[in-house]
Amino acid sequence: MSFKKNLEDTNKLSKKQMHSKAEIKDAMETLRQEIKENVKTLTQFQTDLKKYFLRNFRDHLSTKDYINSYSEFIEKADSTLSYNISKISDFIQEEKNKRSILKYKTFWAKNRKKGLDILHIYQSRLNKRIEFEEFINERMSELQNFTDELNNQIINMINEDNLKGAVHLLNDSIKQYDQIVLKHNVEFKEFKSVINREMADAIKFFIDLKTSWINKNNEEKIRWRNFVIETRKKLSTTKESVWKDELEEKIGTYIDNLDNSIDDMKEEISRSMETEDPIKLVMDLKNQCATINQSINNYHNDIKVSIRSSIKDFKTSRESIKDQIEHWQNEKKRITNYLNEIKNELKDEIDNIGIDVKTEELQKLIKMQLDEWKNKVKEFISNYNDFVDTGESLISYEPKFEAEKTQIKKSFKSSALLKAFLKDTSRVYSSFNKIVDTDIQAYKNSRSVIEHNFELITNKIKEEILIQRIQAIVNVIKDNKVGISYLAKALRVDAKALKRKIISLLAEFKLIGELDPVSGMFILKEKKLPNKLEIDEELEEEQILEEEEEEEEEVEEKVEEKIEEKVEKEEDLIKKDILRIRYLMAIHKSVGASVYNRKLGDWKLDPDLIGGFLTAIQSLSTEIKQKEIPIKRMEYKEFEILIEPGEYVFVALFIDGKETDWIREKLKLYVQEFESTFEEKLKNWLGELSAFEKSGLLVDKIFELYRV
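About the criteria used
- Residues numbered from 1 in each chain as written.
- Predicted model: local features only at pLDDT ≥ 70, side-chain atom pairs only at ≥ 80, totals over all residues.
- Heavy atoms only, no water.
- Axes fitted to C-alpha atoms, helices over the stretch in contact; angles between N-to-C directions.
- Helix = DSSP H or I, 4+ residues; strand = E, 2+ residues; numbered from the N terminus.
- Parallel < 35°, antiparallel > 145°, perpendicular 65-115°, else oblique.
- Contact = heavy atoms within 4.5 Å.
- Salt bridge = Lys/Arg side-chain N within 4 Å of Asp/Glu carboxyl O.
- Buried < 20%, exposed > 50% of the residue type's maximum accessible area, 1.4 Å probe, protein only.
- Pairing = 2+ DSSP bridges.
- Polar contact = N/O pair within 3.5 Å; in protein donor to acceptor, adjacent residues only side chain to side chain.
- Expected span 1.5 Å × (residues − 1).
- Nonpolar A, V, L, I, M, F, W, Y, C, P; charged D, E, K, R; others polar.
- Core = buried A, V, L, I, M, F, W, Y, C linked by side-chain atoms within 4.5 Å.

Caption draft 1: Spotlight on the packing of helix α14 (residues 484-491) against helix α15 (residues 495-507). Direction vectors running N to C along α14 and α15 enclose 105°, while the axes themselves pass 9 Å from each other. Taken together, the axes of α14 and α15 are roughly perpendicular relative to one another. Contacts between α14 and α15 pair I484, S485, L487, A488 and L491 from the former with A495, L498, K499 and I502 from the latter.

If you want it as structure tokens, here you go:
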């Protein structure tokens, strides 16, 4: 009997008042067979879908239609079975048959879910493929649109005779194009990684898209490279003649500038010979010749860079600018020779005094002495940096640091060789000391700069050693938290000075931590390694010394301002926190009753009612978790109840608004002080409240009520 025929019979049965057992049995068997056939079809569908998907997943439309047919079958079968089960259930009375129907429904639902899950998996794969293909097409379109837009812009610039703009645009666009390609590759890897994480067997269904991505990228690279080559050819032809004219004009300008500079120098030195000091004239001559030589080199390098850049960008042949290059080289040689002739001619005229020789000797001697000190300072810095690289504590480096510092400072006081030279030369040239006064003063200034820099360096090292000492002490203390007074004693320094120094180090991020300027507690958050020092290649002159002193004063002023602002800000925040405290209650844990309560605002609370409520809440938490888990905070819309447990009591603090770190720290401290003060009374408490009357003074002290 077909299921449809049996269903008609079942419908007829449902209209009867009474049904025979045989009729009911036939209806049940038909239902069972129908479910069995649907599950069988469903299983076959799953097998076929897997095979079909493996063969046809690249064909989106046909694969989608096949998946839809699978979905329609499940939907139709589910609808039909639901209807049949409902009809049969209407006239079944026996409990046994009802259980059978429930079993049939469960069996079908389980297989239906499995089928839908498989359907979802293949639908997800198909959707992800479509998304992946769209991703690839969009990225390729972006590159093509970029090239087309660039081509239009360059054509417009060429038509407007804006060749420089076109060249710059092309060069900038090459970098932009590379950045876009790089961005696309990163996005592709991220997209692929997401697929690999979501689908274990993704490689089966997406390997062709990876190949497609690579092929399309290669095609686009070739297309872009051809575009750039053709565009450069187009620009190069027009640009070459323009650039050759610009190069010739540049060379002519440089030659005129150099000739004019030499003539001006000759005229100025000649005019000054009767009035200026010979030594100064020699120095002026040298300086001006050096300046002109530097100009020659600068011009030469600029022309080389210009030629090299143009040849690289536009493939310009060196043959086409051979005449310009040869002309510049000849003129450069002529100008150099002319400069040397003028220099020698002028020098011969002012060299009869001979002091210039001694002046040069003095300068060399000064340089040697300054270099010696500089090298000692550099070696000192290098030794410090080498020690930092070892990773050892700077505390062990301190004795060596002090010894080297003392030795270098002594060397600053010694300049016997220079003194002897000045004494001997002054005997021969009576005006020598006056002539070289500038050099001597420069020497003194340079020595002061070196000494000052050395002082700054040693101060920095002292500071690093201090930081390491602070970190070493704080690091061995629980929670990395220590009072300034204790830390000052450990370091053997003044507590106030140490506090200011720590604030300065925190402001400059040389220490990572927090300092409560009121309580004087310092918390180390992160241990910093010592910084290495940079070695300056050249120490600056007196002007730099003055600038450094001014900068140091400005930094100190700014640090002091920041410290004052921070202290004022913290004071305001603390006052606001104090004003938000409304009520405090200490509740005995074993008894569940309030041992002390205090009204700190305008709230009216019943201590017995609140104490019982909070005790019940704590007990509920313990009951649920089967272990003591204290509730720390109860949050309401406009206020909070902060709870801090101790050994004998837990203290509840009622506040307006939200909890802050300052309030929580004060609450913890209050619990500790309260239990420490009344420990004996809390151990054997019999309900006597007068024993805790002095708690009010403790509240004033801990919560700093004196501030408001």
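On we go.
Caption draft 2: Just the pattern of salt bridges, in detail. Under the counting rule described, the total for this entry stands at 32 salt bridges. A salt bridge links E402 to K405, with the nearest nitrogen and oxygen atoms 3.1 Å apart. Taken together, the positions of E402 and K405, both in helix α10 (residues 398-412) and three residues apart, correspond to about one turn of that helix. Judged by relative accessible area, K405 falls into the buried class, the value being 9%. Across the salt bridge formed by K658 and E635, the nearest N and O atoms sit 2.5 Å from each other. Of this pair, K658 sits in the loop between β8 (649-656) and α18 (661-677) while E635 sits in strand β6 (residues 633-635), and the two are 23 residues apart along the sequence. Accessibility expressed as a relative area gives 44% for K658, which makes it partly exposed. We classify E635 as partly exposed; its relative accessible area is 47%. Shared partners join several salt bridges into a network, and the residues in it are K632, R633, E635, E640, E644, K658, E659 and R664.

Caption draft 3: Summary view of the sheet that holds β8. Strand order in the open sheet formed by five strands is β5-β4-β8-β7-β6, with antiparallel pairing between adjacent strands. Taken across any chain shown, the strands that pair with only one partner, and hence form the sheet edges, are β5 (594-599) and β6. Taken over all neighbouring pairs, the strand axes of this sheet differ in orientation by 10° on average, direction set aside. Strand direction decides the pairing type here: strand β4 (residues 581-588) and β5, joined by five bridges, are antiparallel. Bridge pairing in β5 links Y583 to K599. Where α18 meets the sheet, its contacts fall on β4, β5, β6, β7 (639-645) and β8, and the angle it forms with β7 comes to roughly 40°.

Caption draft 4: Highlighting the pairing of β7. Within β7, five of the seven residues are buried, which leaves the element mostly enclosed by the surrounding structure. Two strands pair when backbone bridges link them, and β6 and β7 are joined in this way by three bridges, in the antiparallel orientation. Within β7, the position partnered with M634 by the bridge is I641. Summarising the sheet, β7 and β8 pair through seven bridges and their orientation is antiparallel. Pairing of E644 across the sheet is with V651, part of β8.

Caption draft 5: Focus on the side chain of H588. Summarising the element assignment, H588 is placed in strand β4. Judged by its relative accessible area of 5%, H588 is buried. Within polar-contact distance, the side chain of H588 engages the side chain of S590 at 2.9 Å. Engagement of the side chain of H588 in a polar contact is seen with the backbone oxygen of L682, the distance being 3.0 Å. The contact partners of H588, leaving out residues within four places of it in the chain, are A593, V595, Y648, V649, L682 and W685.

Caption draft 6: Focus on the environment of K496. By the element assignment, K496 lies in helix α15. Residue K496 is classed as exposed on the basis of its relative accessible area, which comes to 63%. Through-space distance from the C-alpha of K496 to that of I484 is 8.4 Å; in sequence the pair is 12 residues apart.

Caption draft 7: Molecular detail of helix α3 (residues 60-90). The end-to-end C-alpha distance of α3, which contains 31 residues, comes to 45 Å, matching closely the 45 Å that a straight helix rising 1.5 Å per residue would cover. When α3 is considered as a whole, its buried residues turn out to be H60, S62, T63, I67, Y70, F73, I74, A77, L81, N84, I85 and I88.

Caption draft 8: Representation of the packing of α10 against helix α13 (residues 437-475) within the structure. One can describe the packing of α10 onto α13 by two numbers: an axis separation of 12 Å at closest approach and a directional angle of 170°. For the element pair α10 / α13, the angle class is roughly antiparallel. Of α13, the residues touching α10 (which contributes E398, F401, K405, I408, K409 and F412) are R447, I450, E451, F454, E455, T458, I461, K462, I465 and R469. For the contact of α10 with α13, the per-class residue count stands at seven nonpolar, one polar and eight charged.

Caption draft 9: Region of the structure containing the nonpolar core. One finds L362, F380, Y397 and I461 to be the most contacted residues of the largest nonpolar core, which totals 29 residues. For this core, the secondary structure elements donating two or more residues are α9 (355-390), α10, α11 (416-428) and α13. Looking at this core, the element that brings in the most residues is α9, giving 11 residues. With residues up to four places along the chain from it excluded, the contact list for F380 reads Y397, F401, E404, K405, I408, F454, I457, T458 and I461.

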